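Topology and contacts: notes
If you want the building blocks of each chain, they are given just below.
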Amino acid sequence: MGILEKMRLDGKKAFVTGGARGIGKSVATALAEAGADVAIVDMDLETAQKTAAEIAELGVKTLAIKADVTSPDDVNNMIDVIVENFGELNIAFCNAGIGNNIPAEEMTLNDWQKVIDVNLTGVFLTAQAAGKQMLKQGKGGSIINTASMSGHIVNVPQPQCSYNASKAGVIQLTKSLAIEWATRGIRVNSISPGYIGTDLTASSPNIGEWNRLSPVHRLGTPEELQAIVVYLAGDCSSFTTGADILVDGAFTCF
Ligand code: NAD
């Protein structure tokens, strides 16, 4: 079988959190193009439904599921709905995330917790629920978490200590889960994007400065993250687990 055939995900069942828009939508589209059925999981059900309908036109099954990744009940319900509709779960892209820019000395506990709850605890809850389901099925699976280059470097000029800490946490959580599940066929990896042009970054006054600092002098696009997640999702990456893959246009090289 040729390499492109090996990359295909026909018959696999996936979910993408934060799948309604941005990086999640782009990756969900790529998983579907590779042949996987995909559940679009998001707090924003209306946009998730539109995205799921668009992706269904590719000829795969899709679902739109409303879930807040910080709620264990929502996350458990998400797994139930996926198993009821798709029969099983093979691929999890734990991607929902938020940011806030607040100087550390002004950050309230609530500001701090909001970001940690979604970006770190949310990834733990969704990856844990996916792992439990995959363990029950007994035939492995692939979990991919969205970290960030902010888990490696401190972004400037914006103050975002909770975001940076949450993403460093995602990288270490990913490695921990990879070790715990290594002998049971469940691979766990993360991607660490640099600045990507999405709604999350669109309103920032700092885009000019980020472009100046970037070796490639531009933001990345969500499409530039598609192939790496398809690779990590499928059997081509069977020896890749516990990895964090930077996709940042060399931003973190200096
Ligand atoms: P985005 O804001 O465009 O999309 C995020 C999606 O997540 C939205 O649809 C939102 O409704 C959903 N969401 C937010 N909180 C949620 C929750 N509690 N439960 C369920 N869904 C929730 O953001 P994006 O740029 O596509 O970012 C996606 C991921 O990539 C995030 O984890 C982000 O931190 C990470 N990331 C983004 C960039 C970037 O520059 N855009 C860079 C590195 C990492």
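Up top is the structure these notes are about.
Presented here is an overview of the structure given in this document. (Residues numbered from 1 in each chain as written. Predicted model: local features only at pLDDT ≥ 70, side-chain atom pairs only at ≥ 80, totals over all residues. Heavy atoms only, no water.)

Some points on the site of the ligand
For the record, the criterion: Throughout, the term near means that a residue has one or more heavy atoms lying within 4 Å of the molecule or strand in question. Counted as a polar contact is a pair of N or O atoms within 3.5 Å, where, for protein atoms, one must be capable of donating a hydrogen and the other of accepting one, and residues adjacent in sequence contribute only when both atoms are in side chains. To measure how exposed things are, a 1.4 Å probe is used in the Shrake-Rupley method; for residues, cover is taken only from the protein chains shown. Every definition here rests on a 1 Å grid over the protein atoms only: cavities are sets of points where a 1.4 Å probe fits but cannot get out, pockets are open sets enclosed by protein on both sides within 12 Å along at least five of seven lines, and lining residues have some atom within 4 Å of a point. Any molecule with more than half of its atoms within 2 Å of a cavity's or pocket's grid points is counted as sitting in it. For the purposes of this entry, the term helix denotes a DSSP run of H or I that reaches at least four residues, the term strand denotes a run of E that reaches at least two, and both are numbered from the N terminus. Under the scheme applied here, ten amino acids are nonpolar (Ala, Val, Leu, Ile, Met, Phe, Trp, Tyr, Cys and Pro), four are charged (Asp, Glu, Lys and Arg), and all others, including Gly, are polar.
Not every one of the 28 residues close to the ligand is listed here, only the nearest: Arg 21, Asp 42, Asn 95, Tyr 163 and Thr 198. Here a nitrogen atom of the ligand sits 3.5 Å away from a polar atom, N or O, in the main chain of Ala 67. At 2.5 Å from an oxygen atom of the ligand is found a side-chain nitrogen or oxygen belonging to Thr 198. Contact with the protein chains removes 94% of the 830 Å² of surface that the ligand exposes when unbound. When each cavity is represented as a set of grid points, the ligand is found to reside in the largest pocket. If you tally residues by element for the shell around the ligand, the top one is helix α7 (residues 199-202), at three residues. Residues that form the shell around the ligand fall into these classes: 14 nonpolar, nine polar and five charged.

With respect to the side chain of Asn 90
This is how it is decided: Buried means the residue's accessible area, taken with a 1.4 Å probe over protein chains only, is under 20% of the maximum for its type, while exposed means over 50%, and partly exposed covers the values in between. The contact criterion used is simple: two residues touch if any of their non-hydrogen atoms lie within 4.5 Å.
Locating Asn 90 in the fold gives a position in the loop between α4 (72-86) and β4 (91-94). Residue Asn 90 is classed as buried on the basis of its relative accessible area, which comes to 10%. Here the side chain of Asn 90 touches Lys 13 through a polar contact of 2.7 Å, landing on its backbone nitrogen. Other than its neighbours up to four places away in sequence, Asn 90 contacts Gly 11, Lys 12, Lys 13, Met 134, Gln 137, Lys 139, Gly 141 and Ser 142.

Observations regarding the pairing of β4
Put simply, side chains in a regular strand alternate between the two faces of the sheet. What counts here: If DSSP finds at least two bridges between two strands, the strands pair.
Alternating residues of β4 divide into Ile 91 and Phe 93 and Ala 92 and Cys 94, and every residue in both groups is buried. Bridge count between strand β1 (residues 13-17) and β4: three bridges; the pairing is parallel. Across the sheet, the residue bridging to Val 16 is Phe 93, located in β4. Summarising the sheet, β4 and strand β5 (residues 141-146) pair through four bridges and their orientation is parallel. Along β5, the bridge assignment pairs Ala 92 with Ile 143.

So, the layout of surface pockets
Formally: Grid points are joined across faces, edges and corners, and a volume is the space filled by probe spheres set on the points.
Of the voids in this model, the largest pocket is the one considered here, and its volume is about 1000 Å³. Broken down by secondary-structure element, the contributors of at least two residues to the lining of the largest pocket are α2 (22-33), β2 (37-42), α6 (161-181) and α7. The residue inventory of the lining of the largest pocket, partitioned by class, reads 18 nonpolar, 21 polar and six charged.

Let's talk about the sheet that holds β5
How we decide: Every angle, taken between N-to-C directions, lies between 0 and 180 degrees, and every axis is a line fitted to C-alpha atoms, over only the stretch in contact when it is a helix.
Strand order in this open sheet of seven strands is β3-β2-β1-β4-β5-β6-β7, and the pairing throughout is parallel. Across the chains shown, the open sheet's two edge strands, defined by having one partner strand only, are β3 (62-66) and β7 (244-247). In this sheet, neighbouring strand axes are inclined to one another by 15 degrees on average, regardless of whether the strands run parallel or antiparallel. Packed onto the sheet, helix α3 (residues 45-56) meets β2 and β3 and runs at close to 175 degrees relative to β3. Along the sheet face, helix α9 (residues 226-233) touches β4, β5, β6 (186-193) and β7 and points at about 170 degrees away from the line of β6.

Quick word on the pairing of β2
Keep this limit in mind: A clockwise path from the first strand over the helix to the second, with the strands pointing away from the viewer, defines a right-handed crossover.
In terms of burial, β2 is largely enclosed, as six of its six residues are buried. Of the two faces of β2, the one lined by Asp 37, Ala 39 and Val 41 and the one lined by Val 38, Ile 40 and Asp 42 are each fully buried. The handedness of the β1 to β2 crossover, carried by α2, is right-handed. In the sheet, β2 pairs with β3 via five bridges, with the strands oriented parallel.

Side note on unusual backbone geometry
The amide bond that connects Val 156 to the next residue, Pro 157, takes the cis arrangement and shows omega of 5 degrees. Its place among the elements puts Pro 157 in the loop between β5 and α6. One non-glycine residue, His 217, adopts positive backbone phi at about 55 degrees. Checked against the element boundaries, His 217 lands in the loop between α8 (207-213) and α9. Residue His 217 is classed as exposed on the basis of its relative accessible area, which comes to 52%. With phi around 70 degrees, Ala 250 is a residue other than glycine that occupies positive phi space.

Comments concerning α3
Defined as follows: Take the number of residues in a helix, subtract one, and multiply by 1.5 Å to get its expected span.
For α3, spanning twelve residues, the distance from its first C-alpha to its last is 16 Å, which sits close to the expected 16 Å at 1.5 Å a residue. For α3, the secondary structure elements touched by its buried residues are α2, β2 and β3.

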